[in-house]
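So you can see what is in the structure, the chains are spelled out below.
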Amino acid sequence: MGRRPTIYDVAREAGVAASTVSRAYSRPGRVHAETAQKIFQAAERLGYRSGPLNGQQPGGRPTHRSIGLVIADVTNPFYGEIIKGGYEAAREAGYQLVLLHTNESPEVERQTIEREMEQVDGIVIASSRMSDSALRMMAKQKPVVLLNRIIPEASCVVNDNERGIRQAAEHLCALGHDSVLYVAGPEISWADGVRWRALREVAAQLPLDVRRIGPNEPTVLAGLSAARRVAELGATAVLAYNDMLAIGIMNGLHKLGVTVPHDVSVVGFDNIVYDELVNPQLTTIASPLYRMGLTGVRNCIAVWHGTRPSGTPLVLPVRLVVRQSTTQRRRKSTSPARGTTSVSGSAVKSATSIVAGSR
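Being a predicted model, the structure only gives us computed values, none of them experimental.

Remarks on the pairing of strand 1 (residues 66-71)
Here strand 1 lies mainly inside the structure; 6 of its 6 residues are buried. Looking at chain direction, strand 1 and strand 2 (residues 96-101) are connected through 6 bridges and run parallel. Residue pairing in the sheet places Ile67 in a bridge with Leu97 of strand 2. Here strand 1 runs beside strand 3 (residues 122-126); their pairing, made up of 4 bridges, is parallel. Residue pairing in the sheet places Gly68 in a bridge with Ile123 of strand 3.

Focus: unusual backbone geometry
Of the consecutive residues Gly214 and Pro215, the connecting peptide bond is found in the cis state with omega at 10°. Along the chain, Pro215 turns up in the loop between strand 7 (209-213) and helix 10 (220-232). For the bond from Asn279 to Pro280, the omega torsion is 0°, close enough to zero to count as cis. Note on placement: Pro280 falls in the loop between strand 9 (265-270) and strand 10 (283-286). Here the phi dihedral of Asp270 falls at roughly 135°; this positive angle occurs in a residue that is not glycine. When you line up the elements, Asp270 lands in strand 9.

Rules and cut-offs
- Residues numbered from 1 in each chain as written.
- Predicted model: local features only at pLDDT ≥ 70, side-chain atom pairs only at ≥ 80, totals over all residues.
- Heavy atoms only, no water.
- Buried < 20%, exposed > 50% of the residue type's maximum accessible area, 1.4 Å probe, protein only.
- Helix = DSSP H or I, 4+ residues; strand = E, 2+ residues; numbered from the N terminus.
- Pairing = 2+ DSSP bridges.

What follows is the structure, encoded as structure tokens:
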């Protein structure tokens, strides 16, 4: 018995791209009628069968017409736009979106995905806290798309963290700051490790002194707690792992009598809805979160229908949004608290935390 025809066989037969074949089945209204007819005729000649036509995925498994979207914290507004984008992509394709919450726990994440694996056609995981090996095992069982994380075995969609960190660092340098304190996120966060390494690299080029405190939970409460350490270190500029931490830091500094931005400039990352509601409004790196969710779910559906992941992550552009939480450095004689260490460029010797790994 010969091998089953794939989406790529249909694409060659019809003279179109594989992505057009996938779209003809998953979003038929988005493909020209003549093109769709040519694709369906080619599929019939080859004996190709797609899930929407007979309830079977090309590999012979039943299709559930649903995609699981896994998020670390349902209360974090960072995930709101990702969920909206994912929902729109699922709706377009006639799929349901199943939302799964893991409470920032790699154990809960693994258990939740294993429990739901047989009920969905694919899994989109936003900011996974699991190990690379666990994710590889998942990807062998069902189509897996990762958001804010990269492994070669899965389709991955990430923000341009390096460019965002560079824009933030250059912005602070232009305001006269010669050192930046990075307030880290969770130790098991892949994005946190990428951002910290990017800051060290750009610091060596500017040059800029960098220090790091953490790890911290990516929450406002954690930012409130970190504010005292920020004040003790005499920081004039802070770059936070995310906006929630940044907002907490600003509020904590205010309670300590430290003024933002005149005493300390603060930059966040993500551009969540709260950034324009706080006082002062938060300068941040804007991430295309809606597009990330939309693309992630679309790609997951395409993989379910036979599209092969390219192996190269899709990197989405980011941009610096300057608001009122950053300003020109005001020169003062305050020196760092005794026992702390300032580090120039990549020769980092942070005395307050262990550097997060590459996760």
